[in-house]
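Single-letter residue listing:
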Amino acid sequence: MIALSCNNIHKSYGIEMILEDISFTISVGDKVGLIGVNGAGKTTLIKILTGIESKDDGEIFISKDMTIGYLEQNTRIDLTISAFDYCEEIYADVFEVEKELRALEIEMQNIKPEDQKRIFDQYTLAQERFEAMDGYAVGSRIRGILNGLGFEEIDHHKPINQLSGGQKSRIGIARLLLKQPDILFLDEPTNHLDIDAIKWLENYLKDYTGTIVMISHDRYFLDQVATKIFEIESGELVEYTGNYTHFIHQKNMQYEADLKRFEVQSKEIQKQEEIIRRFKGHGTEKLAKRAKSREKRLAHTAPLERPKLFRSHFKIDLKAGSKSGKDVLKVEDLKKTYDHLKVFENVSFEIYKGERIGLIGPNGVGKTTLFKILISQLEPDEGTITWGHHVMPGYYDQELRNLHLEKSILEEIHDDNPALSLTEVRSLLGAFLFTNDDIEKKINQLSGGERSRVSLLKLMLSTSNILFLDEPTNHLDLYSKETLEDALLGYDGTLVSISHDRYFLNKICSKIFEMTPEGLIVYWGNYDYYQEKKSENFILENPVEEKPVLSKTKQKDQQKREKEILIAEKRKRAALGSLEEEIESLEDNLHTLELSLCEESVFSDPERSLEVQREIVQIKDGLNALYMQLDEMLEKL
């Protein structure tokens with residue numbers, strides 16, 4: 001069944017075409033990853049689909065009765081009510097029914113005979129509506145989603161305006177997920193989430209029965225959730241089946257096929273041009289005619305452009321400035337506190353030349369603090385740091401504080417590398433997608449991704465042979481991440497990177513350092529290996545006890561005891577069955593008596609009506625006692 005479809009959608013801002021002839025169909029249950037370079041029009045397309053922005057031309061079809069939910073990229077909520085209360089607001093209709101039930105219960109305490117039927121009918125209908133809305137589960141559902149997104153119980157009832165910006169964004173996600181729309185539009189939903197919260201969201205969305213369209217730069221997330229990839233490139237949309245890894249595979253195959261066609265055509269054109277040159281060189285009229293005929297055919301051949309794997313990407317040839325010794329760094333028993341508050345302790349590890357290490361751990365555990373200690377920006381409270389021979393560290397700061405905001409891009413690079421000519425600097429900046437007048441822009445005018453590229457270029461031109469990278473893929477689009485990773489894979493120095501980008505950790509790292517407040521644990525593999533070992537360690541720490549081998553006599557005694565337990569359980573279940581039958585019988589009687597109150601022969605006779613009401617009260621008292629017995633029996637089973 002089709003959830004939504006588009007046909008020939010166009011959108012432009014002034015003379016700039018953003019979307020051109022966008023057509024696609026999304027079926028119910030599809031989970032679509034919408035990707036493309038920054039500025040490709042991904043958010044614009046979602047806003048058109050949700051009705052926030054208008055289209056210039058084209059048609060949009062959304063299946064009838066489909067509800068839509070949209071999470072913007074930078075959702076910020078600033079309210080005096082709590083996160084829990086804010087989420088509860090979406091269940092206003094449920095609480096209205098609950099309020100109606102409480103009011104009817106109060107009214108029942110002083111019920112008049114003539115009102116009995118009306119009130120009982122109202123109460124029955126209201127209770128059916130409340131149960132159909134799953135009203136009893138509202139509280140637990142809200143707590144489950146808030147906890148899954150990383151909220152502590154203590155934060156559930158804090159005023160929202162006292163929470164961090166990241167927490168406010170997560171509240172927006174929580175409220176949207178609780179609404180459970182048929183079509184869910186998400187713009188960078190993993191922003192402000194740590195790895196545990198992202199993993200929870202992945203599992204939630206994988207099981208989500210509705211349709212999802214999500215913009216994301218988190219490739220591991222797309223691998224886990226997406227069943228289709230829509231790529232927007234140069235205003236056009238191309239659909240790929242499968243997750244992000246399948247998309248890269250299909251993209252590479254298409255690139256290879258296009259490159260082969262380009263090379264075959266180029267060789268044929270060269271061959272024809274050479275034949276034409278030779279025919280003309282012989283000077284005979286016959287060959288001259290043939291040359292002219294071939295020229296006409298060649299003129300009608302549309303030359304293919306050399307394909308690019310990604311149309312907007314930069315190429316980095318990242319090499320170590322000098323060679324270090326085999327032993328790069330040894331850290332022993334490092335400890336750091338702030339105002340008597342422990343950040344970490346007992347941190348010990350060794351790093352060797354050529355290793356690519358991913359440093360992971362929860363927010364606040366001190367990963368960036370460790371980096372700053374290693375590059376001498378901070379002093380440790382305890383421990384020793386021993387550098388190897390000819391080791392020259394370089395640091396990529398996620399805050400990009402190594403940039404001078406008042407300088408132009410050209411000045412930023414040339415001032416640090418005066419030995420390079422301006423022509424050489426312009427060429428390097430061109431490789432990083434800074435061309436023409438772009439290089440005269442001030443650093444403070446650049447986007448986060450542009451600043452990241454400038455900082456990476458500065459690092460590339462340095463003499464460092466061990467790189468400390470703090471969230472290097474932040475601010476980069478998918479294609480820039482791919483090309484950065486290719487460069488880092490070819491880097492001949494040593495690399496240590498803090499990252500929440502699990503795809504990056506999987507592709508780049510050969511070793512994982514997990515930081516905890518109590519120390520550092522080393523895993524000799526990539527992120528998937530780390531995950532596997534964590535699962536194995538959990539099983540080892542929570543072993544299933546093996547039963548000892550018993551003698552024949554003990555086996556017979558055990559079988560006898562097990563048989564006695566089975567007989568006892570059968571008796572309990574038989575008693576439980578009898579109790580359930582008794583409850584069912586009383587409930588049938590209660591239902592019959594309640595219906596009889598609607599009969600004229602009963603409600604018109606006050607004495608008979610009162611007698612029926614007394615019987616109803618007696619049966620309800622009896623049912624309450626039986627339900628208590630039922631609870632006790634169920635607890636013992």
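Residues numbered from 1 in each chain as written. Predicted model: local features only at pLDDT ≥ 70, side-chain atom pairs only at ≥ 80, totals over all residues. Heavy atoms only, no water.

**Observations concerning the overall build of the chain**
To keep things clear, this is the line we draw: Only runs of H or I of at least four residues qualify as helices and only runs of E of at least two qualify as strands under DSSP, and these elements are numbered from the N terminus. What the globule rule says is 2.2 Å times the number of residues to the power 0.38, and the radius of gyration is computed from C-alpha atoms. We call two residues in contact whenever any of their non-hydrogen atoms come within 4.5 Å of each other. When charges are counted, neither His nor the chain ends are considered; positive counts come from Lys and Arg and negative counts from Asp and Glu. Lysine's charge is taken at NZ, arginine's at CZ, aspartate's at CG and glutamate's at CD.
Along the chain, the regular secondary structure elements total 20 helices and 18 strands. Taken over C-alpha atoms, the radius of gyration comes to 35 Å for the chain, far larger than the 26 Å a tight globule of 637 residues would show. Its C-alpha atoms give the chain principal-axis dimensions of roughly 125 × 70 × 65 Å. Intrachain contacts of the chain at a sequence separation of at least 6 include 69% that bridge at least 24 residues. The distance from the centre of the 83 positive side-chain charges to the centre of the 111 negative ones in the chain is 9 Å.

**A short note on the layout of surface pockets**
As a reminder, the rule being used: Using only the protein atoms, space was sampled on a 1 Å grid; points where a 1.4 Å probe fits but cannot get out form cavities, open sets with protein on both sides within 12 Å along at least five of seven lines form pockets, and lining residues are those with an atom within 4 Å of a point. Grid points are joined across faces, edges and corners, and a volume is the space filled by probe spheres set on the points. Residue type decides the class: Asp, Glu, Lys and Arg count as charged, Ala, Val, Leu, Ile, Met, Phe, Trp, Tyr, Cys and Pro as nonpolar, and the leftover types, Gly among them, as polar.
If you add up the space inside the second largest pocket, you get close to 520 Å³. Contributing to the lining of the second largest pocket are 15 residues, with F120, Y123, T124, Q127 and E594 lying nearest its centre. Listing elements by their share of the lining of the second largest pocket, those giving two or more residues are α3 (92-109), α4 (116-132) and α18 (552-596). For the lining of the second largest pocket, the residue count by class is five nonpolar, three polar and seven charged.

**So, the environment of K42**
Tracing the backbone shows K42 in helix α1 (residues 42-49). Here the alpha-carbon distance between K42 and F230, two residues 188 residues apart in the chain, equals 9.6 Å.

**Structural notes on the pattern of salt bridges**
Rules: When a carboxyl oxygen of Asp or Glu lies within 4 Å of a side-chain nitrogen of Lys or Arg, that pair is called a salt bridge. Three exposure classes are used, based on accessible area relative to the maximum for each residue type with a 1.4 Å probe and protein chains only: buried under 20%, partly exposed in between, and exposed over 50%.
A complete count under the given rule lists 40 salt bridges for this structure. Between E611 and R608 there is a salt bridge whose closest N-O contact spans 3.5 Å. In this pair, E611 and R608 are both assigned in helix α20 (residues 606-636), three residues apart and thus about one turn of the helix distant. R608 sits in the partly exposed class, given a relative accessible area of 30%.

**Notes on the packing of aromatic side chains**
Quick note on the threshold: When the centres of two rings from Phe, Tyr and Trp lie within 6.5 Å, Trp using its six-membered ring, the rings pair. Their planes under 30 degrees apart give stacked, over 60 give edge-to-face, and anything left gives tilted.
Applying the stated rule across the entire model yields 14 aromatic pairs. Residues F130 and Y136 carry aromatic rings whose centres are separated by 4.9 Å and whose planes lie at 90° to one another, so their mutual orientation is edge-to-face. Residue classification places F130 among the buried positions, given a relative accessible area of 3%. Relative to F468, the ring of W387 has its centre 6.3 Å away and its plane inclined at 85°; by these criteria the two rings are edge-to-face.

**Overview of unusual backbone geometry**
At D134, a residue that is not glycine, the phi angle is positive and equals roughly 60°. Mapping D134 onto the fold places it in the loop between α4 and α5 (138-148). By relative accessible area, which is 37% here, D134 ends up partly exposed.

**Describing the sheet that holds strand β9 (residues 236-241)**
Hydrogen bonds between backbone groups are what pair the strands of a sheet, and the pairing can be parallel or antiparallel. For clarity, the cut-off: Pairing between strands requires that DSSP locate at least two bridges from one strand to the other. Each axis is a line fitted through C-alpha atoms, taken for helices only over the stretch in contact, and angles between the N-to-C directions span 0 to 180 degrees.
Strand order in the open sheet made by the six strands is β5-β6-β7-β3-β8-β9, with mixed pairing throughout. The outermost strands of the open sheet, each flanked by one partner alone, are β5 (68-71) and β9. The average undirected angle you get between the axes of adjacent strands in this sheet is 15°. Relative to strand β8 (residues 228-233), strand β3 (residues 31-35) runs parallel, the two being bridged by four bridges. Following the sheet pairing, V32 is matched in β8 by K228.

**What to know about the nonpolar core**
Test applied: Residues belong to a common nonpolar core when they are buried Ala, Val, Leu, Ile, Met, Phe, Trp, Tyr or Cys residues joined through side-chain atoms within 4.5 Å.
By size, the foremost hydrophobic cluster in this structure holds 118 residues, and its most contacted members are F24, L45, L205 and L429. Ranked by residue count, the leading element in this core is helix α6 (residues 165-179), at six residues. Apart from the residues within four sequence positions on either side, L45 is in contact with L19, I22, F24, L34, I232 and L237.

**Considerations on the pairing of strand β18 (residues 519-523)**
Side-chain positions along a regular strand alternate between the two faces of the sheet. Inspection of the sheet shows strand β17 (residues 511-516) paired to β18 by five bridges, in the antiparallel sense. The residue bridging E514 from the neighbouring strand is I521, located in β18. Hairpin connection from β17 to β18: two residues lie between these consecutive antiparallel strands.

**Re the sheet that holds β18**
Ordered in space as β14-β15-β16-β12-β17-β18, the six strands form an open sheet in which the pairing is mixed. With one partner strand each, in any of the chains shown, β14 (393-396) and β18 form the two edges of the open sheet. Pairs of neighbouring strands in the sheet enclose a mean axial angle of 20°, with direction left out of account. Note that β14 and strand β15 (residues 466-470) share four bridges and pair parallel. The residue bridging Y395 from the neighbouring strand is F468, located in β15. Each of β14 and β15 is contacted by helix α14 (residues 448-460), which is oriented at about 175° to β14, the strand it contacts most.

**Observations regarding a negative patch on the surface**
Quick note on the threshold: Here, patches come from residues exposed beyond 30% relative accessible area and free of salt bridges, joined within 9 Å for like charges and within 5 Å for nonpolar side chains (Val, Leu, Ile, Met, Phe, Trp, Tyr). Computed with a 1.4 Å probe, the accessible areas rest on the Shrake-Rupley method; for each residue, only the protein chains presented here act as cover.
Taken together, the side chains of E20, D21, D56, D57, E59 and E236 present a region of like negative charge at the surface. For the negative patch, the secondary-structure elements that each account for two or more residues are β2 (16-27) and β4 (57-62). Tracing the sequence through the fold places E236 in strand β9. Taking relative accessible area as the criterion, E236 reaches 44% and is therefore assigned partly exposed.

Nothing here speaks to function; it is all geometry.
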